[in-house]
Number of protein chains: 2
Amino acid sequence: MSTQDNWYIEHFGPTGSAIGYRIEAKLDEVQSPFQKIEIYRTTDWGNLMLIDGAVMLTSRDNFLYHEMISHPALFTHPEPKRVVIIGGGDCGTLREVLKHPGVARATQCDIDEQVTRMAEKYFPELCESNADPRAELLFDDGVAYMANCPAGSVDVVIVDSTDPVGPAEGLFNKAFYASCFRALKDDGILVQQSESPLAQLELIRAMRAEMAKAGFSSFKTLPFPQPCYPTGWWSATLARKGRDFGFREAAAEAKPFATRYYTAALHRGALATPPFMAEALEGVRG
Amino acid sequence: MSTQDNWYIEHFGPTGSAIGYRIEAKLDEVQSPFQKIEIYRTTDWGNLMLIDGAVMLTSRDNFLYHEMISHPALFTHPEPKRVVIIGGGDCGTLREVLKHPGVARATQCDIDEQVTRMAEKYFPELCESNADPRAELLFDDGVAYMANCPAGSVDVVIVDSTDPVGPAEGLFNKAFYASCFRALKDDGILVQQSESPLAQLELIRAMRAEMAKAGFSSFKTLPFPQPCYPTGWWSATLARKGRDFGFREAAAEAKPFATRYYTAALHRGALATPPFMAEALEGVRG
């Protein structure tokens, strides 16, 4: 990780690849009890948020991630009313979830309040639904929150976390997934950001294996473009209790809100797993 | 462009974003009459080819580009027999084209023989069809080659070029597209790599406008992941003489060769244009 001249470059060890932006100015920096958050203004990508040196989001391309971590799961569930977001402190996922009129309550539980404070200031468009009466914003430990969730009370759990190191490490193992399994109703869905589908297939295999240990029995990994993350290609892994991943196509076609990437046709496309991914994930159920 | 420590970083001006790789060793360098070609060995991506400092391909992820520049066009054409590849000196596109048993002759015309010589040495898997009796490898000016092509003699023209600066500049204007239009049969298809669908939509608009001036009247831009190019998300733009982009789905489902990314379902997915792209390309026919 280094800032040199007017470019910020993130050297990402796990994939041996780097990604970066041309910077105009550093706008802010805060060291929270959990991590260092920095904000830059870029020349072409709007504002940029780093957490411990890792690119979290840019104004220009975060819509890809936020739409794809939310809408495929919500249109796969038959009638999502109660949604929990673990992480997601920038509030962009919450905004997408609340676009669904049927959602009655959405709780966002991020351990670090400073992420939300920075988002309110530098990515206000992502926070525009924070005052929705259906929204609940908690700043607490997501592992504990899920462990204390009443059994069978949740329709969709969205794990919108940083990489599986540091504060997010506890969100990638059997114990956490067992809490999610317990909290979800029988037709519930767990969806989690699952890194690069090209460069981190081993991590996706490991995640699915931990989810399986916790009781989940069907899995689907949806790839999508995300320029600001390593390799520019990212994924969301969905897990269910033995149900498939057909989705409410008519509802998705007729959705009463605008999106910039997600459509029913794109959703169908994301369900078409490329052969190299299917081969690598073979042997893990689903 | 700079090599520092053990990372190679390409700072890409037009998108204000950078991409890079962790390097183990520099393997080769040649200055051809047209450009500087460098080969590195990376820690995670196999071999890496740079042309004038721009990342051209890596061993690990070139299959995405080569499959998506080839198979959608060839499965869209009703019966492609005569294919011309302009550029494509690494021979990976030629290899994909020759997987189609119906192709009778495929000519690759790259201005720079040194690209092919380097590919033979450092990416031999891409050159495995170079001795196919249907293959013709020319090292010549692609603009002149297309201008001299007999009218109505070609089914598919694939423009597999570098960015629209330097040697490839002449491959992005009306004069070149007019030669392609003339060389193509009525049901022919022109397909060209068209940069980042997120960050370079203006360039795609400009390309389509030039193609339209040359007579092409229907267009479709297919996005696909490509980690080694700026933003990690790339595109191929197809142009036809007033025909649509429905493809031979049954033939694609039953294709007699293996692919790692392309499938009929992925092809359908790539035809689903995201709303932000459709909006930006609106006003240009197709």
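Residues numbered from 1 in each chain as written. Chains lettered and ligands numbered in written order. Predicted model: local features only at pLDDT ≥ 70, side-chain atom pairs only at ≥ 80, totals over all residues. Heavy atoms only, no water.

Enquirer: What is the right way to read the pattern of salt bridges from this model?
Expert: Between side chains of opposite charge, a pair can form as their charged atoms come close. Residues and elements named next belong to chain B. Within the structure shown, the criterion is met by 36 salt bridges over all chains. Residues Arg117 and Glu113 are paired through a salt bridge, measuring 2.7 Å at the closest nitrogen-oxygen approach. With Arg117 and Glu113 both in helix H3 (residues 113-122) and 4 residues apart, the pair spans about one turn of that helix. Relative accessible area serves as the criterion here: at 32%, Arg117 is assigned to the partly exposed category. (Salt bridge = Lys/Arg side-chain N within 4 Å of Asp/Glu carboxyl O. Helix = DSSP H or I, 4+ residues; strand = E, 2+ residues; numbered from the N terminus. Buried < 20%, exposed > 50% of the residue type's maximum accessible area, 1.4 Å probe, protein only.)

Enquirer: How should I be thinking about unusual backbone geometry in this particular structure?
Expert: Where the residue is not glycine, phi is negative for most of them; where a peptide bond is considered, it is trans in most cases. A positive phi angle, close to 75 degrees, is found at A:Cys91, a residue other than glycine. Assignment of secondary structure puts A:Cys91 in the loop between strand S7 (82-87) and helix H2 (92-97).

Enquirer: Teacher, can you tell me more about the environment of B:Gln114 here?
Expert: Residues and elements named next belong to chain B. With respect to the helices, strands and loops of the structure, Gln114 is situated in helix H3. For Gln114, a relative accessible area of 29% gives the class partly exposed. Through-space distance from the C-alpha of Gln114 to that of Gln35 is 9.3 Å; in sequence the pair is 79 residues apart. Residues within four places of Gln114 in sequence aside, it is in contact with Val30, Ser32 and Ile37. (Contact = heavy atoms within 4.5 Å.)

Enquirer: For this particular structure, what's the right way to read the interface of chain A and chain B?
Expert: Interfaces are often described in size by the accessible area the parts lose on coming together. Contacts between the two partners involve 42 residues from chain A and, on the opposite side, 42 residues from chain B. Here chain A and chain B share an interface that buries about 3100 Å² over both sides, 67% of which is from carbon and sulfur atoms. A per-residue breakdown of the area chain A buries against chain B is headed by A:Trp7, A:Gly16 and A:Leu198, which together make up 16% of the total. Our count for the contact surface shared by chain A and chain B stands at 0 salt bridges. Where chain A meets chain B, there are 12 residue pairs in polar contact (both at pLDDT 80 or more). Among the elements of the structure, strand S2 (7-12), strand S3 (17-31), helix H1 (62-76), helix H8 (264-271) and helix H9 (275-281) of chain A are those that each provide at least two residues to the side of chain A that touches chain B. With 6 residues, S3(A) is the single largest residue contributor to the side of chain A that touches chain B. Grouping the constituent residues of the side of chain A that touches chain B by class yields 23 nonpolar, 14 polar and 5 charged. Bridge count between S3(A) and strand S3 (residues 17-31) of chain B: 5 bridges; the pairing is antiparallel. Directly across from A:Gly20, in S3(B), lies its bridge partner B:Ala18. (Buried area = accessible area lost by both parts, 1.4 Å probe. Polar contact = N/O pair within 3.5 Å; in protein donor to acceptor, adjacent residues only side chain to side chain. Nonpolar A, V, L, I, M, F, W, Y, C, P; charged D, E, K, R; others polar. Pairing = 2+ DSSP bridges.)

Enquirer: Which parts of the structure should I look at to understand helix H1 (residues 62-76) of chain B?
Expert: Because each turn of an α-helix spans 3.6 residues, side chains separated by three or four positions end up pointing in the same direction. Residue and element names in this part refer to chain B. The end-to-end C-alpha distance of H1, which contains 15 residues, comes to 22 Å, matching closely the 21 Å that a straight helix rising 1.5 Å per residue would cover. The sharpest bend along H1 measures roughly 25 degrees and falls at Met68, with the proline Pro72 sitting one to four residues further on. The buried fraction of H1 amounts to 15 of the 15 residues, a majority that puts the element mostly inside the structure. (Expected span 1.5 Å × (residues − 1). Bend = angle between axes of the 7 residues up to and from the residue.)

Enquirer: How do you make sense of the UniProt feature "active site" (unreviewed entry) in chain A when you look at a structure like this?
Expert: The sites that UniProt annotates as "active site" (unreviewed entry) are A:Asp160. Note that A:Asp160 resides in strand S10 (residues 154-160). (UniProt positions renumbered as here; feature names shortened; annotations may be inferred.)

Enquirer: I tried to follow the packing of aromatic side chains on my own but got confused; where do I start?
Expert: By convention here, two paired aromatic rings are described through the distance between centres and the angle between planes. What the rule picks out here adds up to 24 aromatic pairs over all chains. Cluster of aromatic residues (ring-pair linked, three or more members): A:Phe63, A:Tyr261, B:Trp233 and B:Phe276. Looking at A:Arg60, its charged tip hangs above the ring of A:Trp45, at a distance of 4.7 Å from the centre. Positioned over the ring face of B:Phe181 is B:Lys241, at 4.3 Å from the centre of the ring. (Phe/Tyr/Trp six-rings, centres within 6.5 Å; stacked < 30°, edge-to-face > 60°. Lys NZ or Arg CZ within 6 Å of the ring centre and 35° of its normal.)

Enquirer: Looking at this structure, I do not really get the environment of B:Pro227. What am I missing?
Expert: Checked against the element boundaries, B:Pro227 lands in the loop between strand S12 (218-225) and strand S13 (233-240). B:Pro227 sits in the buried class, given a relative accessible area of 2%. Separated by 168 residues in sequence, B:Pro227 and B:Ser59 have C-alpha atoms that sit 12 Å apart. Among all residues touching B:Pro227, those that are not within four sequence positions of it are A:Leu198, A:Thr231, B:Ile19, B:Tyr21, B:Trp45, B:Asp61, B:Leu64 and B:Gly232.

Enquirer: What is the right way to look at the relation of the copies chain A and chain B in this model?
Expert: Least-squares fitting of chain A to chain B yields an RMSD of 0.0 Å, with the transformation described by 0.0 Å of translation along the axis and a rotation of 180 degrees. Accordingly, the operation relating the two chain copies is best matched by a two-fold axis. In this assembly, 100% of the residues forming the interface of chain A have copies in chain B that are likewise at the interface, indicating an isologous arrangement. (Least-squares fit on C-alpha atoms with pLDDT ≥ 70 in both.)

Enquirer: Could you clarify how one ought to interpret the side chain of A:Ser194 in this entry?
Expert: Residues and elements named next belong to chain A. Relative to the helices and strands, Ser194 is located in the loop between strand S11 (184-193) and helix H6 (201-213). A polar contact is formed between the side chain of Ser194 and the side chain of Thr237, at a distance of 2.8 Å. In contact with Ser194, other than residues within four places in its own chain, are Leu203, Ile204, Met207, Thr221, Ser235, Ala236 and Thr237.

Enquirer: I keep staring at the nonpolar core and nothing clicks. Help me out?
Expert: If you look at soluble globular proteins, the nonpolar side chains tend to sit buried side by side. Formed by 55 residues in total, the largest nonpolar core has its most connected members in A:Val55, A:Val83, A:Val97, A:Ile158, A:Val191, A:Tyr261 and B:Phe276. When near neighbours in sequence (up to four residues on either side) are disregarded, B:Phe276 contacts A:Phe63, A:Arg260, A:Tyr261, B:Pro197, B:Leu198, B:Leu201 and B:Trp233. Residues A:Leu201, A:Trp233, B:Leu64 and B:Ala264 belong to the second largest nonpolar core, which totals 54 residues. (Core = buried A, V, L, I, M, F, W, Y, C linked by side-chain atoms within 4.5 Å.)

Enquirer: I keep staring at the environment of B:Met118 and nothing clicks. Help me out?
Expert: Looking at the element boundaries, B:Met118 is found in helix H3. B:Met118 sits 88 residues away from B:Val30 along the chain, and the two C-alpha atoms are 8.8 Å apart.

Enquirer: Teacher, can you tell me more about the sheet that holds strand S10 (residues 154-160) of chain B here?
Expert: Sheet strands associate in pairs through backbone hydrogen bonding, adopting either a parallel or an antiparallel arrangement. Residue and element names in this part refer to chain B. One open sheet holds the 7 strands; their spatial order is S9-S8-S7-S10-S11-S13-S12, and the pairing between them is mixed. Strands at the two margins of the open sheet, each flanked by one partner only, are strand S9 (135-139) and S12. Sheet twist, expressed as the mean angle between neighbouring strand axes with direction ignored, is 15 degrees. Examined bridge by bridge, S10 and strand S11 (residues 184-193) share 5 bridges and lie parallel to one another. Opposite Val159, over in S11, you have Gln192 as the bridge partner. In this fold H1 packs onto S10, S11, S12 and S13, with an angle of close to 160 degrees to the strand it touches most, S10. (Axes fitted to C-alpha atoms, helices over the stretch in contact; angles between N-to-C directions.)

Enquirer: How do you make sense of the sheet that holds strand S12 (residues 218-225) of chain A when you look at a structure like this?
Expert: Residues and elements named next belong to chain A. Spatial ordering of the open sheet is given by S9-S8-S7-S10-S11-S13-S12, a layout of 7 strands whose pairing is mixed. Only two strands of the sheet have a single neighbouring strand rather than two, namely strand S9 (135-139) and S12. In this sheet, neighbouring strand axes are inclined to one another by 15 degrees on average, regardless of whether the strands run parallel or antiparallel. Bridge analysis of S7 against strand S8 (residues 105-110) gives 5 bridges, and the strand direction is parallel. Bridge pairing in S8 links Val83 to Ala106. On top of the sheet, helix H5 (residues 174-183) reaches S7, S10 and S11; it is set at about 145 degrees to S11, its chief contact. In the packing of H6 onto the sheet, contacts are made with S11, S12 and strand S13 (233-240), and the angle to S12 comes to roughly 150 degrees.

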